[in-house]
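Architecture at a glance
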Amino acid sequence: MQMCRLLCIVFLALIIMPSIPVGVDGCDLDMSICGAYAPGDILIGIMLPCHHKVKGLHERIKPERFQCTGFDLRSFLESLALIHEIEQINAAGFLPGVQLGYLLCDTCASASKALQNLGEMLTINHSLTLQCDLTNFRPRVKIIIGAKYSEVTIAVAKMLNLNMIPLISCKSSTAELSDKMRYPVFLRTIPSDKHQSKAVAKMMHYFGWNWVGVVYGDDEYGKAAFQSFLEDAEANSVCLDYQQVIPHYLDLSNNRQYIEKVAQRIRSSNAKVVLLILKAELVRVLFQEMLRTNTTRTWVAFDSWSSNRVVSLMDGINGVGDILGFRFASGKSESFHKYLKNLTAPPEGYNYFIEKYKNLRFNCTPECFSNKPPSYCPPPELLKVKSDNACNLQDPQEQNDDYLVEALDTSHTYLDRVTVWAIANALKTLLKCNSSSCMGEINFQPWKLLKEMKKVKFEYDNNIFFFDKNGDMSNFYELNMWEKNGNTRRFKIIGKYHVLEEQIKLKDMENVIWFSTASNKTPQSRCSERCTPGSVKKILNVSCCYNCTLCEEGTYTDDWDLNNCKKCPNGTWSLKGWTQCKPRSELYLLWSDPHPIAMVAAAAFGVLILLVVFIIFMVYKDSPPMKRAEVRLSCVMMVGLSVSFASVVCFMGKPSVHLCRARQVMYAMGFTLCVSCILVKAYRTFVAFLPFGQLTNRRLHKLYNPPVTVIVLTSLQGIICILWLIFDSPHIDKTPPSPQSMRKIIQCSEGVTYIGFGIMLGYIALLALVGFILAVKGRKVPQEFSETGYILFSMLMYLFVWVCFIPVYILKGEEGISVQATAILMSSYGIIFCHFLPKCYEALHGSKTDTLETMLRKWQVKSRPNLDSESEIDIDIPGLSTHFQKNSMCSTSSTSTILTNLETPSVVSPTDSEQVIKPKSFDKMKAYPRSERQLKRRRRSISF
């Protein structure tokens, strides 16, 4: 056990002791390790680089004192923000009965110097007791704030892991520090660099910059940030034209060579955007070289210099081009401004940094402005701090003004204040504080505070702050644009990047004037022109160098520079090169379109005409024209036509399976009924007036039965329709539209094979053709005896319309619906105009040939040469019953004319031939005596 203890002591001593001085009592105040101190019950350590470099660090060969040079006003301001917030907490009594103190040490941007400071902070009475078990280790400093640069913070965090002393930073952002296996004591009030690199990559993608260069430092911060950016750049389609490294120590002898080499690479590249992951001091040197060679670019800054005031005030800074970058959350404090205007050291402590600043500002040193200033004079950039009234003042340490408020940006100290409040809230929980006192132990082990820090959650400035599982605070970044302000630059916030949402939100971009374009038009930095929405990249060599090709049908792109076309979701489609998918427009006869409205109006008008015709037929049913037109058959025809007109309505609107079936069945049955009646009329004329043998006449006469004929013919069509509906029923056509079309035709398919549809139409055509042929055979029969002329024209029109319909229906597939509906209307109107309206005209204006005598005389003259055969047919001819008793029939002979009434026979006219009108029944014929003048042999007789 003793051996183990001894080995531990030796090991720790070898690590820590070289960096720890024996004490500071024998040192001059100017050479003290830590430059500011204020006593308190709980001491907070602060590590910040109030100087930005160590003189001759690369030449060190023995453990001499570190000589820090280059007073850093920005870091000095950050240290003052921490001190001021600690004093504010004490003044507010946030921890009742407990005073917070601080110990501020200058790291000089060096990890070795920081480790020396760490030894000073952890000593008790200027010595460090080494133990194997550090559980009860109680140093005077309970928590350390710092350091600024990630490389320094990493070194300090590794040492603090031994003691589990919490280290909290508001500046070190490298992603490496989020690893709690390696850095369990580290916390920070800023997001990790992995978020910043993602924000930078997203910003480049947003502005369309996919061809960029990167320059980074060779320290831990630069390397880690660069590696993180590489991953995010690839994810956001950003390519690197080059990557250059600069040593992070400015006083290297060959530093100028590195800068010139990097500047030359920047000038030779066609990448117009350059990302700089560097310290502000290195950026300043690089910009000087850019100004010397008159090179302009668009510069993207990491947080290390994105709001650096010194760089923004460089001579000729407007000549380098556009500068923008992300910085952490910011905000100003009026109480802090008052503090800066009245800087004093704490009454029981000291602050040598304040003394040094006041000497720079108010000490009279005119010799430093000569051509050959003494060695003790500050560098030229710090001489600008000198007050114009310095030589008129007595004691520089008693002077104050508002220079720090006016010359520096105090808003970036916002997270310094948040850091102090995070510690205070954790202490309040650990010390069990209430409104009047704190009951916890003040000299606690630091790891207990670390435990509470990880759980703390508090509100500050209307924002909620807490640490995630990696010890980071995930809030937001502000996007800074360096806008022109005379010969210098000032910072303008143009947007934010929300870490949790991973989104950039920009504002007022229309008011941003870019140096590169001298307008609000964003400068470009690309290897290839952007692929517009609707096209995709065809990669050539690297992912950012490509050609653009249009997306095929059914695919789309809705953003710029996409690698692959997206497939349209179900129910949508796109044409070639489209930027979005749209539902295909459904094409069918809309009720609101002019054509359907016209067709429905035509169908309604047709029904109206039929109604008027029906009324006329009923009113004049006893007139000869109407009796010859056979009112009953005509009324049945009107019913059929009305059904046909009604079927047209079913062609309108969005089709459904039921409408597809109903419209075809309605038309088939209605028009078949109409044509069947016309066929009966044609057959009546054909049988009555054309010469046949007696046996043939009798057979044809037996076939003449209008009700049965109409019913049978219509029923056959019904059977056809039933079989059609069963075996190959009409349905909604599911044929996919053409890939080049955005119209989806919603139409009915009249079956898979169209056989049923063809048979249905063919059957009607067959009936119409038969009727047409019969009418042609009887075309010489006077119109007074028959309707052959009307039948000829109506059937001819029907056949013509439907013969034209077939090729048009086949060729105009998507217009087949309107074509068939139009054909139905035309054929229906053909029957109305050719069949019914002439009869109505005759009935309304009277017939000039409405006497039986005149009709028979005309027929006698026309038919005499052809009446050779001997036959007798009994057929009812409506219209002649007006001359006889009801139910009486008569027979007409071509060789003799005798009109015999059932009650009083009378001779119509003396002619060379005789016409005999006799009863239809042969039995009845025997009941009436024949005239002597009647011929024994009759060539032909017709019974009415």
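Everything that follows concerns the structure shown earlier in this document.
Notes on the structure in this doc start here. (Residues numbered from 1 in each chain as written. Predicted model: local features only at pLDDT ≥ 70, side-chain atom pairs only at ≥ 80, totals over all residues. Heavy atoms only, no water.)

Structural notes on the overall build of the protein
Quick note on the threshold: Strands are runs of DSSP state E lasting at least two residues, helices are runs of H or I lasting at least four, and both sets are numbered from the N terminus onward. Buried means the residue's accessible area, taken with a 1.4 Å probe over protein chains only, is under 20% of the maximum for its type, while exposed means over 50%, and partly exposed covers the values in between. What sets the accessible areas is the Shrake-Rupley method with a 1.4 Å probe; for residues, cover comes only from the shown protein chains.
The secondary structure content of the protein amounts to 26 helices and 34 strands. Out of the 944 residues belonging to the protein, those deemed buried represent 53%. Here the protein displays about 43500 Å² of accessible surface, and carbon together with sulfur accounts for 56% of that area.

Examining the side chain of Ser312
Heads up, the rule is: Throughout, a contact is declared for two residues whenever any of their heavy atoms are within 4.5 Å.
Assignment of secondary structure puts Ser312 in helix α9 (residues 309-312). A residue is classified by how much of its surface remains accessible, and Ser312, at 1% relative accessible area, is buried. The residues contacting Ser312, other than those within four sequence positions of it, are Ile317, Trp482, Thr488, Arg489 and Phe491.

Here we look at the environment of Met618
Along the chain, the position of Met618 falls in helix α16 (residues 594-619). Counting along the chain gives 13 residues from Met618 to Val631, while the straight-line C-alpha distance between them is 8.1 Å. When sequence neighbours within four positions are dropped, the list of residues in contact with Met618 reads Val631 and Cys635.

Overview of the pattern of salt bridges
Pairs can form between side chains of opposite charge whenever their charged atoms are close. To keep things clear, this is the line we draw: Criterion for a salt bridge: a side-chain nitrogen of Lys or Arg within 4 Å of a carboxyl oxygen of Asp or Glu.
Tallied over the entire structure, the rule returns 19 salt bridges. Lys566 is paired through a salt bridge with Asp558; the nearest N and O atoms lie 3.0 Å apart. Among the ionic pairs, Arg663 bridges to Glu750, the shortest N-O distance being 3.7 Å. Of this pair, Arg663 sits in helix α19 (residues 657-689) while Glu750 sits in the loop between β29 (748-749) and α22 (755-777), and the two are 87 residues apart along the sequence.

Here we look at a nonpolar patch on the surface
Cut-off, in case you're wondering: Only residues above 30% relative accessible area that lack a salt bridge enter a patch, with like-charged residues linked at up to 9 Å and the nonpolar side chains Val, Leu, Ile, Met, Phe, Trp and Tyr linked at up to 5 Å.
Taken together, Phe605, Leu608, Leu611, Val612, Phe614, Ile615, Met618, Val619, Tyr620 and Leu844 make up a surface patch of nonpolar side chains, about 890 Å² in accessible area. With eight residues, α16 is the single largest residue contributor to the nonpolar patch. Its place among the elements puts Val612 in helix α16. Owing to a relative accessible area of 42%, Val612 belongs among the partly exposed residues under this scheme.

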